[in-house]
Amino acid sequence: LSGTAITSLGTSAYEGCVNLKSIILPVSVKRLDADAIQAANAIEKLYYMGNSTEFSEIEGSDTEVGSMTIYNYSEEEPTTEGNYFHIVDGEAVEW
């Protein structure tokens, strides 16, 4: 699926992923179906490749993240408070 944008995560997309602690969600995602993320109870951190305003516009974002900590992408070190990350060698690294 290289080059194909992911626009939604289906119901229980991560169900059974008991060792998955974090995910990186692309800005192309516009919908999270029921239990798309919460089905994997071990996920603690969601790294979103956009900003907080864009994340709040994702259908289902208000109910699907539970107690996960959400980090928004920032290429440069942020000067405002919040949870931010950048990508280093293909990995999410928190600021």
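Described in the following lines is the structure provided in the data block. (Residues numbered from 1 in each chain as written. Predicted model: local features only at pLDDT ≥ 70, side-chain atom pairs only at ≥ 80, totals over all residues. Heavy atoms only, no water.)

Section: the pattern of salt bridges
In step 1: According to the stated counting rule, one finds 2 salt bridges in the structure shown.
In step 2: Among the salt bridges present, the one from glutamate 94 reaches lysine 45, with a minimum N-O distance of 2.8 Å. Remark: lysine 45 occurs in strand E4 (residues 45-48) and glutamate 94 occurs in strand E7 (residues 91-94); sequence separation between them is 49 residues. (Salt bridge = Lys/Arg side-chain N within 4 Å of Asp/Glu carboxyl O. Helix = DSSP H or I, 4+ residues; strand = E, 2+ residues; numbered from the N terminus.)

Some thoughts on the side chain of histidine 86
In step 1: Mapped onto the elements of the fold, histidine 86 is located in strand E6 (residues 84-88).
In step 2: Once residues lying within four places of it in the same chain are set aside, the contact partners of histidine 86 are Tyr73, Ser74, Glu75, Glu91, Ala92, Val93 and Trp95. (Contact = heavy atoms within 4.5 Å.)

Brief notes about a nonpolar patch on the surface
In step 1: On the surface, Ile24, Val27, Met49 and Ile87 cluster together into a nonpolar patch covering about 280 Å² of accessible area.
In step 2: For isoleucine 87, the location among the structural elements is in strand E6.
In step 3: Residue class for isoleucine 87 comes out partly exposed when judged on its relative accessible area of 36%. (Patch = residues over 30% accessible without salt bridge, like charges linked within 9 Å, V, L, I, M, F, W, Y side chains within 5 Å. Areas by Shrake-Rupley, 256 points an atom, 1.4 Å probe, with all protein chains shown as cover. Buried < 20%, exposed > 50% of the residue type's maximum accessible area, 1.4 Å probe, protein only.)

What to know about the packing of aromatic side chains
In step 1: Counted by the stated rule, this structure contains 4 aromatic pairs.
In step 2: A centroid spacing of 5.1 Å and a plane angle of 35 degrees characterise the contact between tyrosine 47 and tyrosine 71, whose relative ring orientation is tilted. Of this pair, tyrosine 47 sits in strand E4 while tyrosine 71 sits in strand E5 (residues 69-73), and the two are 24 residues apart along the sequence.
In step 3: Summarising the aromatic geometry, the rings of tyrosine 73 and phenylalanine 85 are spaced 5.6 Å apart at their centres and angled 70 degrees between planes, so their arrangement reads as edge-to-face. One end of the pair, tyrosine 73, is in strand E5; the other, phenylalanine 85, is in strand E6, with 12 residues separating them in the sequence. (Phe/Tyr/Trp six-rings, centres within 6.5 Å; stacked < 30°, edge-to-face > 60°.)

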